[in-house]
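Overview (structure and organization)
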Amino acid sequence: MSAPTAPDPALVDLLGLVAYGELLGFDRLAADARLAPDLRRRAALSEMAAAEIGSYRRIADRLSALGVPPDDAMAPYVEPLQAYHDSTEPKDWLEAVTKAYVGDAITDDFLREIADGLAEPDRQLVLDVLHDSRYAEFAAAEMRAAIEVDPRVANRLSIWARRLVGEALSQAGRVAAADRGALTALIARREGVDVPALFRRLTAAHTARMTAAGLNN
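In short, a report on the structure. (Residues numbered from 1 in each chain as written. Predicted model: local features only at pLDDT ≥ 70, side-chain atom pairs only at ≥ 80, totals over all residues. Heavy atoms only, no water.)

Attention now goes to the pattern of salt bridges. A complete count under the given rule lists 16 salt bridges for this structure. Where arginine 40 meets glutamate 142, a salt bridge forms, and the shortest distance between an N and an O atom there is 3.8 Å. Of the two residues, arginine 40 is situated in helix H2 (residues 39-65) and glutamate 142 in helix H7 (residues 133-149); the sequence distance between them amounts to 102 residues. Note that arginine 58 and aspartate 128 form a salt bridge whose closest N and O atoms lie 3.3 Å from each other. (Salt bridge = Lys/Arg side-chain N within 4 Å of Asp/Glu carboxyl O. Helix = DSSP H or I, 4+ residues; strand = E, 2+ residues; numbered from the N terminus.)

Structure below.
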């Protein structure tokens with residue numbers, strides 16, 4: 001009887017990154033929900049937090065099925081992802097929804113690109129745990145409504161959004177070091193795709209989202 005095949009290290013690293021991102025996302029959204037100005041908005045962010053923990057469980061179960069303890073797969077990413085969230089803690093409700101809108105969307109765009117280099121069932125699993133578009137629409141609507149009431153809000157949130165992106169990029173190198181080049185390897189598996197081209201597409205998508213929410217780039 002042949003020994004079980006060891007899981008692809010790049011896949012394990014990616015799933016570990018996604019799992020910890022979901023777990024940390026739950027913590028963040030649950031805390032940010034307390035900034036909500038009313039119960040309707042608090043419930044919306046709480047639902048987003050619940051979705052994050054559900055996604056975490058799916059990824060953790062997949063890692064376990066591959067014979068990898070989820071804690072071990074997530075461990076390399078604790079420091080860089082926690083550092084990002086610690087450095088971008090929102091001070092109020094609008095900063096919280098802007099962070100959810102900007103940060104979650106960039107993460108989803110990146111994972112969508114990476115997923116195309118995976119085999120099934122992992123490709124579909126990663127796509128399944130991307131954030132529901134209704135939450136992005138909720139966050140964008142909150143920002144647009146605030147800007148309509150006070151146009152000066154647009155400048156403040158635009159500066160905040162740029163800071164979020166800058167902090168995310170500053171931590172990207174640490175994430176790459178933690179995964180030992182796994183994500184780069186997954187990108188390289190896709191014919192005709194390289195890292196600079198990927199980041200150009202991510203930047204273009206981010207610019208379009210900023211405009212849709214009434215923010216300046």
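Attention shifts here to the nonpolar core. Leu14, Ile59, Leu63, Leu81, Phe110, Leu111 and Leu186 are the most contacted members of the largest nonpolar core, which totals 33 residues. If you list the elements that add at least two residues to this core, you get helix H1 (9-32), H2, helix H3 (70-74), helix H5 (93-115), helix H6 (122-128), helix H9 (182-188) and helix H10 (195-212). Here the element with the most residues in this core is H1; it accounts for 10 residues. The residues contacting leucine 14, other than those within four sequence positions of it, are Leu111, Ile114, Leu118, Leu183 and Leu186. (Core = buried A, V, L, I, M, F, W, Y, C linked by side-chain atoms within 4.5 Å. Buried < 20%, exposed > 50% of the residue type's maximum accessible area, 1.4 Å probe, protein only. Contact = heavy atoms within 4.5 Å.)

Attention shifts here to the layout of surface pockets. The volume enclosed by the second largest pocket comes to roughly 320 Å³. Taken together, 21 residues make up the lining of the second largest pocket; nearest its centre are Asp108, Leu130, His131, Asp132 and Ser133. A per-element tally of the lining of the second largest pocket places H5 first, with seven residues. A class-by-class count of the residues in the lining of the second largest pocket yields 10 nonpolar, three polar and eight charged. (1 Å grid on protein atoms, 1.4 Å probe; cavity = no way out; pocket = protein on both sides within 12 Å on 5 of 7 lines; lining within 4 Å. Points joined across faces, edges and corners; volume = space filled by probe spheres on them. Nonpolar A, V, L, I, M, F, W, Y, C, P; charged D, E, K, R; others polar.)

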